[in-house]
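Understanding the architecture of this molecule
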Amino acid sequence: MFFSFPEDARWNPDRQAVEFGVGAGEYAGVVRVPRQVFRRFIHGAVTPERCLESYHLQRTRFELIAERKLRNRQLTDDGNVEITGGDLRANSRSLATKRYPSGYTVQAARS
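1. Some details on unusual backbone geometry
Within the chain, Gln 16 stands out as a residue other than glycine whose phi angle is a positive 55 degrees. In this structure Gln 16 comes out as partly exposed when scored by relative accessible area, which is 31%. Backbone geometry places Arg 73, a non-glycine residue, at a positive phi of 55 degrees. Looking at where Arg 73 falls in the secondary structure, it is placed in the loop between helix H2 (59–71) and strand E5 (81–82).

Rendered as structure tokens:
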């Protein structure tokens, strides 16, 4: 399945979240990352501007999580995707160890 992520990240003041678009085939939706998720990346005040900056720095990570949630049909009631702190922890664990077909295991550095 091919996913597309337009350059449309924005702050939603009503939901207190960064939102960005996602498309896959006929599906077009919105991915939401609530303000509290960014506390993991931001020291000090978690302002909308700093959340958007952090989103851009971690964009690939958020897109990979959104892809996984769409593949697993983990959608919100309105048919969109919401990324939580738990999704970030699960993504970190899955990236920590990669197995290759030859049987070799590579451990990624943990921060």
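2. Observations concerning the confidence of the model for the chain
Mean pLDDT for the chain: 87, with 81% of residues reaching 70 or above. Below a pLDDT of 50 lies the segment residues 104–111, which in the model reaches 14 contacts outside its immediate sequence neighbourhood of four places, other chains included.

3. Some points on the pattern of salt bridges
Counting across every chain of the model gives 10 salt bridges. Put simply, Lys 69 and Asp 87 hold a salt bridge, and the shortest N to O gap is 2.9 Å. Taken together, the residues span a long stretch of sequence, with Lys 69 in helix H2 and Asp 87 in helix H3 (residues 85–96) at a distance of 18 residues. Like Lys 69, the residue Asp 87 is buried in the burial classification.

4. Looking at the pairing of strand E3 (residues 17–24)
Of all eight residues making up E3, eight are buried, and the element is well covered by its neighbours. Here E3 shows no split at all, with Ala 17, Glu 19, Gly 21 and Gly 23 on one side and Val 18, Phe 20, Val 22 and Ala 24 on the other all buried. In terms of strand pairing, strand E1 (residues 3–4) meets E3 through two bridges, oriented antiparallel. Looking at the pairing, Phe 3 lines up with Ala 24 of E3. The pairing of strand E2 (residues 10–12) with E3 spans three bridges and is antiparallel. Across the sheet, the residue bridging to Asn 12 is Ala 17, located in E3. Here E2 folds back onto E3 in antiparallel fashion, the turn holding four residues, of which Gln 16 has a positive phi close to 55 degrees. Two strands pair when backbone bridges link them, and E3 and strand E4 (residues 27–34) are joined in this way by eight bridges, in the antiparallel orientation. In the sheet register, Glu 19 faces E4, and the bridge partner there is Arg 32. The hairpin formed by E3 and E4 contains two residues between the paired strands, and Gly 25 there has a positive phi angle of roughly 60 degrees.

Thresholds applied
Residues numbered from 1 in each chain as written. Predicted model: local features only at pLDDT ≥ 70, side-chain atom pairs only at ≥ 80, totals over all residues. Heavy atoms only, no water. Buried < 20%, exposed > 50% of the residue type's maximum accessible area, 1.4 Å probe, protein only. Helix = DSSP H or I, 4+ residues; strand = E, 2+ residues; numbered from the N terminus. pLDDT = per-residue confidence, 0-100. Contact = heavy atoms within 4.5 Å. Salt bridge = Lys/Arg side-chain N within 4 Å of Asp/Glu carboxyl O. Pairing = 2+ DSSP bridges.

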